[in-house]
Protein chains: 6
Amino acid sequence: MGGPYSVRSVLSLSVLEIFSKKWQSRCRHLKPLLAMVLLFLHVEYNSSMPTHLTHVDEHGRARMVDVGSKAETERLAIARGEVKMKPETLALLRAGALKKGDPLVVAQIAGIAAAKRTADLIPLCHPLPLTYVDVTLELSDKIPGVLITASVKTVGQTGVEMEALTAVSVAALTVYDMVKAAEKTMRIQNIRLVEKRGGQSGDVVNE
Amino acid sequence: MGGPYSVRSVLSLSVLEIFSKKWQSRCRHLKPLLAMVLLFLHVEYNSSMPTHLTHVDEHGRARMVDVGSKAETERLAIARGEVKMKPETLALLRAGALKKGDPLVVAQIAGIAAAKRTADLIPLCHPLPLTYVDVTLELSDKIPGVLITASVKTVGQTGVEMEALTAVSVAALTVYDMVKAAEKTMRIQNIRLVEKRGGQSGDVVNE
Amino acid sequence: MGGPYSVRSVLSLSVLEIFSKKWQSRCRHLKPLLAMVLLFLHVEYNSSMPTHLTHVDEHGRARMVDVGSKAETERLAIARGEVKMKPETLALLRAGALKKGDPLVVAQIAGIAAAKRTADLIPLCHPLPLTYVDVTLELSDKIPGVLITASVKTVGQTGVEMEALTAVSVAALTVYDMVKAAEKTMRIQNIRLVEKRGGQSGDVVNE
Amino acid sequence: MGGPYSVRSVLSLSVLEIFSKKWQSRCRHLKPLLAMVLLFLHVEYNSSMPTHLTHVDEHGRARMVDVGSKAETERLAIARGEVKMKPETLALLRAGALKKGDPLVVAQIAGIAAAKRTADLIPLCHPLPLTYVDVTLELSDKIPGVLITASVKTVGQTGVEMEALTAVSVAALTVYDMVKAAEKTMRIQNIRLVEKRGGQSGDVVNE
Amino acid sequence: MGGPYSVRSVLSLSVLEIFSKKWQSRCRHLKPLLAMVLLFLHVEYNSSMPTHLTHVDEHGRARMVDVGSKAETERLAIARGEVKMKPETLALLRAGALKKGDPLVVAQIAGIAAAKRTADLIPLCHPLPLTYVDVTLELSDKIPGVLITASVKTVGQTGVEMEALTAVSVAALTVYDMVKAAEKTMRIQNIRLVEKRGGQSGDVVNE
Amino acid sequence: MGGPYSVRSVLSLSVLEIFSKKWQSRCRHLKPLLAMVLLFLHVEYNSSMPTHLTHVDEHGRARMVDVGSKAETERLAIARGEVKMKPETLALLRAGALKKGDPLVVAQIAGIAAAKRTADLIPLCHPLPLTYVDVTLELSDKIPGVLITASVKTVGQTGVEMEALTAVSVAALTVYDMVKAAEKTMRIQNIRLVEKRGGQSGDVVNE
């Protein structure tokens, strides 16, 4: 995915950087000139890249994106993340988990419940009637720790990417909460979008 | 912190691993013997390490820890985390942020609000009347991305570690939400406890 | 509804019981044989009965049912329940209620509000945009106590049975709360589905 | 507990009934006379019984009780309730539950979370920082169904009776939700206070 | 808008007043006569005016309106309101706001979040999946204070008037909260509907 | 209260205005001079007035005030507000209200519930365990409309001003919701603090 970005990145970065703080103190007088040169190159090479944040209007003010005119389509998002811990903490969790699986079920339920509260937690997120939420947790010696995967579906006007990421985050926090007496150096890491289907921006498959 | 664990870790891990899935398929017949040998070594070397999860009772059932008899003390927790993105996405955020700072303020507010809802999100967490919550966001070229720090205080019978981690997580999700149209490969990473003061288990300073 | 179940019940029960705790301690050696015999009879007589819980997958893990492919139809559910109390407590409530009807209105409002929060309370419940909620409370000398009825409607992909039952439960808890200083032996009882219309599993009329 | 109430009940009931609807249509002209006679008897025999609802003021208007002047004491409440189902439904639940215990853990977590949201569900309930919540579920052939017990503790100015009852109710609704595809005739029943300790009105032990 | 109401108002008021408390104590015997005369006039002049509250049934009991049979149309509502303060308090806010705009962004976010929680706050309000929420705040020397405008859209069976008004109210409360240490005499005022589009009752433009 | 502010207002306003947008376009070169002159006068006349917003730190960033070191004292706040409507709308409400008082009870309950959710609605508000909330509504021909009064108490480290104002606001929105089919021109107005007791800044009595 990196390849085609190599030139474009440098350019788009440069154009924007010119208006940034770092530049202001250094080479002020060159700014207009540089901006024009780079903007030209930028426009040449880069037409599909968004030139602004959708959640920020032309005055830099935060706003909720209007999705009223988008079509209602079936949408799916899968996100993943990890809670990294020491091997002996994982062993402790495994010992507890093996008995009846409780700590992982608690985290699973917390993740599902959180997905349904996404619009309540993230200010500019749209409320959506989810049709499916699934959260799975696996103990992994490779991390070492817990691998969390969330799948969310809806039939609606906007995607469920944030719902899947929120489910993973809160499931991870719940794992942390249940194990925290045993270790104070755990890390919640690598929370990312794995797959996204439906919607006008096309499908995304990262893994 | 690693030093004194080097031997202990291996041992405690081994004792527990014997009862784990991986072992069951391999060397079943050696299990009782090995367990006894390692348990002996384990007990010798390791007395302070928790031998169970506080949120799981003796039958492996999840439970909320009873904090009623703990003293009310002033407690502080600081947590940190990051949203990693491409340099050009960071540039886009910086351009938007420079105008009026909005995207970062939205994330800051979302983080503060989430800290107050921690017990609502994490099933076995105690509800606490927080006396202070602060969330700061910094754009960082080193990550590249956004560095989020949350500080939470209370006067109560249990700590505010989870509140600080929840504030960081939700602030990170909010940053992700506002920038997600520009990049589908961002990662929320490195969410960890930085400092913890007050409470019977003593102060913790990880960084 | 009882008739056709008479034989089937015994059989399906037996098949399942064989794998249950009670059986394990008694007649272990007969288990495989019995299981085969009963399973045969079970399969013969019972094809329509659910052989698993819809909220539990094949590995025994809890999950939210995927309703994305279900048709959007108009759905109605009516549930009922009671708060049983001593005749003199009912008299006290009646005296208070007669003045302006307040205690019952408070419970009615709490029930309506709870119906709208069902998916927030019950982990595997789908969030639904309800189109109608009504809760009525009647003082009854026959119980003696309060009879609560809730009717809920939606146009959606899944039913509103849980919403109606939740409205009744929370209205009952609210009645209990307002009267509890007068009696410590009240009971919330007989919360059940009365009627259910719309949806692929057909209409249900229990009363 | 019934004995000493026998006379008192009739009287207090009668005094109140005189002002009720039923009487208004029948013997209007006798009302003042009867009221005086019965009120006299009532006052003689009954001094300890509450003569009004604490959540209703002198004008019949609902209100939250002021607990500001009450002492902060340790308080405990235990409540219990049942989900009654057909034996074959219980068998199905038992089969699912035996694998990993999930359906019951989901209900347990829902009950704990609901206890923390009691003041959000029941309008005149005080918000309380709970120090302990435990919910247990047992499969019972005697009901047949599921027996749910909730224990809640706080150190505060008011009791946690409603929190324990709310935990039981929502755990029961969650069991119902997970099993409802298998049976439409389940009943949530017998939700009651079992024990209550701490607070100025003294300890209560019902079972 | 006043004109055509001049006669009608007096009449409709009178008819209703006859059944009110004030009248009961004065001219009881004239009531039936007056009612008939005024009702006749009322019916002549006034056919479109609602003769009852939609949220109250024929027995005076509160209820949620059934919107299940209404068509799903695009709906918009714009509401406005003000926080009035002393000129020097406004100056203080302006000084703070100029730096980075924070206090106003906090209020903006609180307003957007509140719009999404309207059905949770207002008992008989229908839950709606909003497609757009925008809240803007302007400092105004004319008030003097802050002018708040909220625009809300949905595609649904009922309007978003309450969502827009709730967004304005909570944004106003948030402004008040952030400035309250400087002045104790601020007023939240003039919260009203400005515009409403979509729905069977036709468009409304008040300003 | 206006008197002693007359000179001070002009001055403090002026000092701040100099740094504001309006001035930037006009008299740029005079700015430093003017600022010094006015700042001098300002400092002379005005020492008790807060020179910053407590919810904004020295960098203009929003923050929650740290109340951990404040003493726990008993605190009371009383707020008031109005829903203004046409006389005929009030008559309609009065007619409905007379039957059983429902619309006003619904608004009362919504106000009480909202007070308990204040910290969930207003981002920088501290969560507080309220000990008492009361909301009363009166029909008033003088407004004409509904007069709402809320009284809130706590024993805590910070006041309950926002809780009382939130209760009034949400009760007002609920009245509006129940009457809105009859009139589209109602106004919620005059929401203000009436009285505040307890806390280090001393008692406030505005009316």
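Refer to the structure presented above.
Residues numbered from 1 in each chain as written. Chains lettered and ligands numbered in written order. Predicted model: local features only at pLDDT ≥ 70, side-chain atom pairs only at ≥ 80, totals over all residues. Heavy atoms only, no water.

A. Region of interest: the relation of the copies chain F and chain D. With an RMSD of 0.0 Å, the fit of chain F onto chain D corresponds to turning through 120° and sliding 0.0 Å along the axis. Classification of the inter-copy transformation places it as that of a three-fold axis. In terms of C-alpha distance to the rotation axis, chain F has Pro-129 of chain F as its closest residue, with the C-alpha 4.3 Å off the axis. (Least-squares fit on C-alpha atoms with pLDDT ≥ 70 in both.)

B. Local environment of the pattern of salt bridges. Within the structure shown, the criterion is met by 76 salt bridges over all chains. Salt-bridge contacts for Lys-184 of chain A lead to Glu-161 of chain B; the nearest nitrogen and oxygen are separated by 3.2 Å. Here Lys-184 of chain A is found in the loop between helix 7 (161-179) and strand 4 (187-197), whereas its partner Glu-161 of chain B is found in helix 7 (residues 161-179) on a different chain. Given the relative accessible area of 2%, Glu-161 of chain B is considered buried. Put simply, Glu-195 of chain A and Arg-197 of chain A hold a salt bridge, and the shortest N to O gap is 2.7 Å. Here the salt bridges share partners, and the residues they tie into one network are Arg-80, Glu-82, Arg-192 and Glu-207 of chain A together with Arg-187 of chain B. (Salt bridge = Lys/Arg side-chain N within 4 Å of Asp/Glu carboxyl O. Helix = DSSP H or I, 4+ residues; strand = E, 2+ residues; numbered from the N terminus. Buried < 20%, exposed > 50% of the residue type's maximum accessible area, 1.4 Å probe, protein only.)

C. Looking closely at the side chain of Glu-161 of chain E. A distance of 3.2 Å separates polar atoms of two side chains, one belonging to Glu-161 of chain E and the other to Tyr-176 of chain F. Setting aside residues no more than four positions away along its own chain, Glu-161 of chain E makes contact with Ala-77, Leu-193 and Lys-196 of chain E together with Tyr-176, Lys-180 and Lys-184 of chain F. (Polar contact = N/O pair within 3.5 Å; in protein donor to acceptor, adjacent residues only side chain to side chain. Contact = heavy atoms within 4.5 Å.)

D. The arrangement of the interface of chain F and chain D in detail. On the chain D side, the residues contacting the 16 residues of chain F number 17 residues. Summed over both sides, the interface between chain F and chain D buries roughly 1300 Å², with carbon and sulfur atoms accounting for 54% of that surface. Of all residues in chain F, Lys-116, Thr-131 and Tyr-132 of chain F bury the most surface against chain D, accounting for 37% of the area lost on that side. The tally of links from chain F across to chain D stands at two salt bridges. Among the salt bridges present, the one from Asp-66 of chain D reaches Lys-153 of chain F, with a minimum N-O distance of 2.7 Å. Taken together, the connections running from chain F to chain D amount to eight residue pairs in polar contact (both at pLDDT 80 or more). Elements with a minimum of two residues in the side of chain F that touches chain D: helix 5 (102-116), strand 2 (130-140) and strand 3 (145-156) of chain F. If you tally residues by element for the side of chain F that touches chain D, the top one is strand 2 of chain F, at seven residues. Each residue belonging to the side of chain F that touches chain D can be placed in one class, and the counts come to nine nonpolar, three polar and four charged. (Buried area = accessible area lost by both parts, 1.4 Å probe. Nonpolar A, V, L, I, M, F, W, Y, C, P; charged D, E, K, R; others polar.)

E. A look at unusual backbone geometry. Each neighbour pair has its own omega, and for Ile-143 of chain D with Pro-144 of chain D the value is -20°, a cis peptide bond. Checked against the element boundaries, Pro-144 of chain D lands in the loop between strand 2 (130-140) and strand 3 (145-156). Phi at Asn-190 of chain B is positive, roughly 60°, even though this residue is not glycine. Along the polypeptide, Asn-190 of chain B turns up in strand 4 (residues 187-197). The class of Asn-190 of chain B is partly exposed, set by a relative accessible area of 21%.

F. A look at the environment of Val-56 of chain A. By the element assignment, Val-56 of chain A lies in the loop between helix 3 (31-45) and strand 1 (73-84). The sequence separation of Val-56 of chain A and Asp-66 of chain A amounts to ten residues, and the corresponding C-alpha distance is 12 Å.

G. Main features of the pairing of strand 4 of chain B. Pairing of strand 4 of chain A with strand 4 of chain B, which is carried by two bridges, proceeds in the antiparallel orientation. Considered in strand 4 of chain B, the bridge of Ile-191 of chain A is made with Ile-188 of chain B. For strand 1 (residues 73-84) of chain B and strand 4 of chain B, the ladder comprises eight bridges, and the chain directions are antiparallel. Counted as the bridge partner of Ile-78 of chain B is Glu-195 of chain B from strand 4 of chain B. When strand 4 of chain B meets strand 5 (residues 204-205) of chain B, the two strands line up antiparallel, connected through two bridges. Following the sheet pairing, Glu-195 of chain B is matched in strand 5 of chain B by Val-205 of chain B. If you look at the hairpin formed by strand 4 of chain B and strand 5 of chain B, you'll find six residues sitting between the two strands, and Gly-198 of chain B has a positive phi there, around 90°. (Pairing = 2+ DSSP bridges.)

H. Region of the structure containing the packing of helix 5 (residues 102-116) of chain A against helix 5 (residues 102-116) of chain D. Where helix 5 of chain A contacts helix 5 of chain D, the axes come no closer than 10 Å and their chain directions differ by 60°. The orientation of helix 5 of chain A with respect to helix 5 of chain D, classified from their angle, is oblique. As helix 5 of chain A packs across helix 5 of chain D, the resulting crossing turns out to be right-handed. On helix 5 of chain D, the residues that touch Asp-102, Val-105, Val-106, Gln-108 and Ile-109 of chain A of helix 5 of chain A are Asp-102, Val-105, Val-106 and Ile-109 of chain D. Along the lines of polarity and charge, the residues of the contact of helix 5 of chain A with helix 5 of chain D split into six nonpolar, one polar and two charged. (Axes fitted to C-alpha atoms, helices over the stretch in contact; angles between N-to-C directions. Parallel < 35°, antiparallel > 145°, perpendicular 65-115°, else oblique. Left-handed = near helix turned anticlockwise from the far one by under 90°.)

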